[in-house]
Number of protein chains: 2
Amino acid sequence: MSSYSPIGPVVGIVGAGQLARMSQPPAIALGIELRVLANTPEESAARVIVDTRVGDYRDLDDLREFAKGCAAITFDHEHVPTEHIRALAEAGHAVHPGADALVHAQDKAVMRERLSAIGVPCPAWARVSSPEEATRFAEQHGWPMVLKSVRGGYDGRGVWVCRSAEDVAEAFATGVELLAEAFVPFERELAVLVARSPHGQGVSYPVVETVQQDGICVEVIAPAPGLDPEYSAQAQRIGLKIAHELGVTGLLAVELFDTPNGLVVNELAMRPHNSGHWTIEGSTTSQFEQHLRAVLDLPLGSPKMTAQVVVMANLLGGEEPDLFKRYEHVLAHDPGIKLHFYGKEVRPGRKIGHVTALGSNLDEVRARARHAAVYLTTGEYT
Amino acid sequence: MSSYSPIGPVVGIVGAGQLARMSQPPAIALGIELRVLANTPEESAARVIVDTRVGDYRDLDDLREFAKGCAAITFDHEHVPTEHIRALAEAGHAVHPGADALVHAQDKAVMRERLSAIGVPCPAWARVSSPEEATRFAEQHGWPMVLKSVRGGYDGRGVWVCRSAEDVAEAFATGVELLAEAFVPFERELAVLVARSPHGQGVSYPVVETVQQDGICVEVIAPAPGLDPEYSAQAQRIGLKIAHELGVTGLLAVELFDTPNGLVVNELAMRPHNSGHWTIEGSTTSQFEQHLRAVLDLPLGSPKMTAQVVVMANLLGGEEPDLFKRYEHVLAHDPGIKLHFYGKEVRPGRKIGHVTALGSNLDEVRARARHAAVYLTTGEYT
């Protein structure tokens, strides 16, 4: 790399998973040069980004070396220690989101405290340090109760829906720090994705419905079907308010429960998010382009939809290791379907890609996305 | 690269200019691993493709080494010697387009002979080997006359519009092999882009109007404004017929003159083409994705437009070397504009990028594309 001189600004992404990988297409278009900090040169983003550095995101020296020459530093995941992010900023690097914002996506107790303080609707919650304390919380708020690890959970991991003291004991047996939340009897799950730039511009994408199976998102429908416009605007206001109050720079995804009593915030993520993959083809500005624009403090792009209905379905690994041979049927069956593979080896249950369908009829678009996803992962026709 | 094992098929692109660069986003999505043969590691595509090999496309040994392990070989330009392409195919490599097709894009005399033989409308033409022969051609078909170098011309280079015997002498002074063509008094220039896969599937994009200045394309309007549907279908039939008759695999761009007496073929290119850059956002399947699908013999994608009107304007280098600082105005002025930079150093007149605007009103969309292109290249408001 010694002779390599960048022509555009360099954006460093810590982590080299599929989110960093999907940032490369808009970076190529905008002439932004991406650099990733990967665990191995075989990772998803490392396969498509020339300036890949291999290192440890938990090591401040590796991070300092990585940050040299970057116009902005951002993240593929939430696992970089908060104090390291602070150290990079103190050394003069532009880190987006900053430590004071990102901590809310890293620590669920900090997030609940802050959202409650600024009046954003949350489930009843409490820090709990013993099974007895958790059980008292359940007796007060009702069973089932949800226990969550304060740090490090994702895709349903680190979440226990407890129906009894035995379930509570099981969660505590893991030894991780826990938070108790009242179980929210929701009708469906929604998500709102907003972007905020350092100089304070904000943009919100349309509110989507996310469909989960076993705690993993399997389908996203944009816009959320049948959503009342006022209710939708309320969700967008919640997203923009959180971004503003927490000083988020870059993207913020807010997962919401849609309940008979209104919206309740479930989780936050401060990066491109699975609930926004539909924007690659479905919006004038994809979430990946938007995030790059935001972290470089460029004006944000239009979040306008390019079709009336967009459905994204995740591809979860099945038994077949070579999915490429299944392309033929899927592409011949539907010349409009868009496939996305993450360059990851297939393992059962692993998110290895997604498909997107666009159109005007919800049932039709949903059936197209599902057909492709089911065939690609199982070889079966639906 | 020794430990690197590809997960998807490897497509090798000979050449590392902006066409190879713009092939990387759809390759990333489809899980196709690109490899490029670059002249230097600083070239446009080499900046964004991990598996870059530096070598000489005129050297058969370099090409053979490059081709190892590729599921398909294709091209960023037309300059690979025809006999080398033949040698690669004989060694068992899948080369698309093949030598027998590509020679028509490499040798204008071979192209004219073949198109005339299959009844595709061409200007009157003749091989000419002396100024006297060329002058006789002009006296028969009228002045001005066009002389073209049989091989190697592009972007207006290798083309002489001759108004006198002196102009003819000037063209012959270059020493290159020449072809004479009757000057076509056209009303405008059109282009049709088609794709054909090895198993024979064909697809045509909507016919576009291309606007040239000094022999260089500056603007492309999709679809060509006010084009009669029957005339448009005729242009698409010409494109598909040429692709079929010449055995093209991959993309074929046909540049056409729109004349009072009908369509006349000007030039052919067998690769993604400047007249198709609008498809990146403007079509369900971009020309770059389509070319990858075709060379891998996958089913072709829908060429449907994503908006009623799409305008692409080329960015030609001006005096300012750092265009990035001009992004701010352009992106703030128009949140829907799409920018594409090729990662090339700015040199006056060099194609360094393009912009695309989408919408429903032709004048408005055209003005948006022009505003962005003029500001980015000159710093002036229009």
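Residues numbered from 1 in each chain as written. Chains lettered and ligands numbered in written order. Predicted model: local features only at pLDDT ≥ 70, side-chain atom pairs only at ≥ 80, totals over all residues. Heavy atoms only, no water.

Asker: Which parts of the structure should I look at to understand the interface of chain B and chain A?
Answerer: Interfaces are often sized by the amount of accessible area the parts lose when they come together. Facing 48 residues of chain B, the contacting portion of chain A comprises 48 residues. Sorting the residues of chain B by area buried against chain A places Ile7, Ile28 and Arg47 of chain B first, and these three jointly supply 17% of that buried surface. For the interface between chain B and chain A, the tally reads four salt bridges. We note a salt bridge from glutamate 33 of chain B to arginine 47 of chain A, for which the minimum N-O separation is 3.1 Å. In this structure, the connection of chain B to chain A is made through 14 residue pairs in polar contact (both at pLDDT 80 or more). Per-element tally for the side of chain B that touches chain A: the top contributor is helix α1 (residues 18-30) of chain B, with six residues. (Contact = heavy atoms within 4.5 Å. Buried area = accessible area lost by both parts, 1.4 Å probe. Salt bridge = Lys/Arg side-chain N within 4 Å of Asp/Glu carboxyl O. Polar contact = N/O pair within 3.5 Å; in protein donor to acceptor, adjacent residues only side chain to side chain. Helix = DSSP H or I, 4+ residues; strand = E, 2+ residues; numbered from the N terminus.)

Asker: Can you walk me through the environment of arginine 64 of chain A in this structure?
Answerer: All names here are of chain A. With respect to the helices and strands, arginine 64 occurs in helix α2 (residues 60-67). When its relative accessible area of 35% is taken as the criterion, arginine 64 is described as partly exposed. C-alpha of arginine 64 to C-alpha of alanine 91: the two residues are 27 residues apart in sequence and 8.8 Å apart in space. (Buried < 20%, exposed > 50% of the residue type's maximum accessible area, 1.4 Å probe, protein only.)

Asker: Just to check I follow, could you spell out the side chain of arginine 35 of chain A for this structure?
Answerer: Note that arginine 35 of chain A resides in strand β2 (residues 33-38). A distance of 2.7 Å separates a polar atom in the side chain of arginine 35 of chain A from the backbone oxygen of phenylalanine 66 of chain A.

Asker: I would appreciate a short explanation of the UniProt feature "binding site: ATP" (unreviewed entry) in chain A in the present structure.
Answerer: All names here are of chain A. In this numbering, the UniProt entry assigns the feature "binding site: ATP" (unreviewed entry) to Lys108, Lys148, Glu181, Ala182, Phe183, Val184, Glu189, Asn266 and Glu267. Examined against the element boundaries, valine 184 turns out to sit in the loop between β8 (178-182) and β9 (188-196). Here valine 184 falls in the buried class, since its relative accessible area comes to 11%. With residues up to four places along the chain from it excluded, the contact list for valine 184 reads Pro123, Phe257, Thr259 and Val264. For asparagine 266, a relative accessible area of 9% translates into the label buried. Each residue touching asparagine 266, except ones within four places of it in the same chain, is listed here: Met111, Arg112, Lys148, Glu189, Glu255, Leu256 and Phe257. (UniProt positions renumbered as here; feature names shortened; annotations may be inferred.)

Asker: Mind showing me how you'd approach unusual backbone geometry here?
Answerer: Cis geometry is found at the peptide bond from histidine 96 of chain A to proline 97 of chain A, where omega equals -5°. Along the polypeptide, proline 97 of chain A turns up in the loop between α3 (82-90) and α4 (99-106). Of note, the bond from tryptophan 143 of chain B into proline 144 of chain B is cis; its omega dihedral lies within 30 degrees of zero at -10°. Inspection of the secondary structure puts proline 144 of chain B in the loop between α6 (131-141) and β6 (145-149). Residues other than glycine seldom take positive phi values, yet aspartate 297 of chain B does so here, at roughly 55°. Mapped onto the fold, aspartate 297 of chain B is located in the loop between α10 (287-295) and β15 (309-316).

Asker: In this structure, what is going on with the packing of α4 of chain A against helix α5 (residues 108-117) of chain A? I would like to understand it.
Answerer: Helix-helix packing is described using two parameters, namely the angle between the two axes and the distance between the axes. Residue and element names in this part refer to chain A. Here α4 crosses α5 at 110°, and the two axes come no closer than 6 Å. In terms of orientation, α4 lies roughly perpendicular with respect to α5. Contacts from Val103, His104 and Gln106 in α4 reach Lys108, Val110, Met111 and Arg114 in α5. In the contact of α4 with α5, the residues fall into three nonpolar, two polar and two charged. (Axes fitted to C-alpha atoms, helices over the stretch in contact; angles between N-to-C directions. Parallel < 35°, antiparallel > 145°, perpendicular 65-115°, else oblique. Nonpolar A, V, L, I, M, F, W, Y, C, P; charged D, E, K, R; others polar.)

Asker: Quick question: what am I supposed to make of helix α2 (residues 60-67) of chain B here?
Answerer: Residue and element names in this part refer to chain B. By the burial criterion, the buried members of α2 are Leu63, Phe66 and Ala67. Taken around the axis of α2, the buried residues stretch over an arc of 95°, which confines them to a single face. For α2, the secondary structure elements touched by its buried residues are β1 (10-14), β2 (33-38), β3 (51-54), β4 (72-75) and α3 (82-90). Structurally, the start of α2 carries an N-cap: the backbone nitrogen of aspartate 61 is 2.8 Å from a side-chain oxygen of aspartate 59. (Arc of directions from axis to C-beta.)

Asker: When you look at the side chain of arginine 47 of chain B in this model, what are you seeing that I'm missing?
Answerer: Tracing the sequence through the fold places arginine 47 of chain B in the loop between β2 and β3. A distance of 3.2 Å separates a polar atom in the side chain of arginine 47 of chain B from the backbone oxygen of glutamate 42 of chain B.

Asker: Sorry if this is basic, but what is going on with the relation of the copies chain B and chain A here?
Answerer: Between the two copies of this chain, the relationship is a rotation about some axis together with a displacement along it. Superposition record for chain B on chain A: RMSD 0.0 Å, screw rotation 180°, translation along axis 0.0 Å. Such values leave the two copies arranged in the relation of a two-fold axis. Of the residues that chain B buries at the interface, 100% are likewise interface residues in chain A, meaning the two copies contact each other through the same surface. (Least-squares fit on C-alpha atoms with pLDDT ≥ 70 in both.)

Asker: Mind showing me how you'd approach the sheet that holds strand β7 (residues 159-162) of chain A here?
Answerer: What links the strands of a sheet is backbone hydrogen bonding, and the strands pair in either a parallel or an antiparallel sense. All names here are of chain A. Spatially, β5-β8-β6-β7 is the arrangement adopted by the four strands of the open sheet, whose pairing is antiparallel. For this open sheet the edge positions go to β5 (125-128) and β7, each flanked by a neighbour on one side alone. Taking the axes of each pair of neighbouring strands and ignoring which way they run, one obtains an average angle of 25° across the sheet. Relative to β7, strand β6 (residues 145-149) runs antiparallel, the two sharing four bridges. From the neighbouring strand, lysine 148 faces β7, where its bridge partner is valine 159. Lying over the sheet, helix α6 (residues 131-141) contacts β5, β6 and β8, oriented at roughly 165° with respect to β5. (Pairing = 2+ DSSP bridges.)

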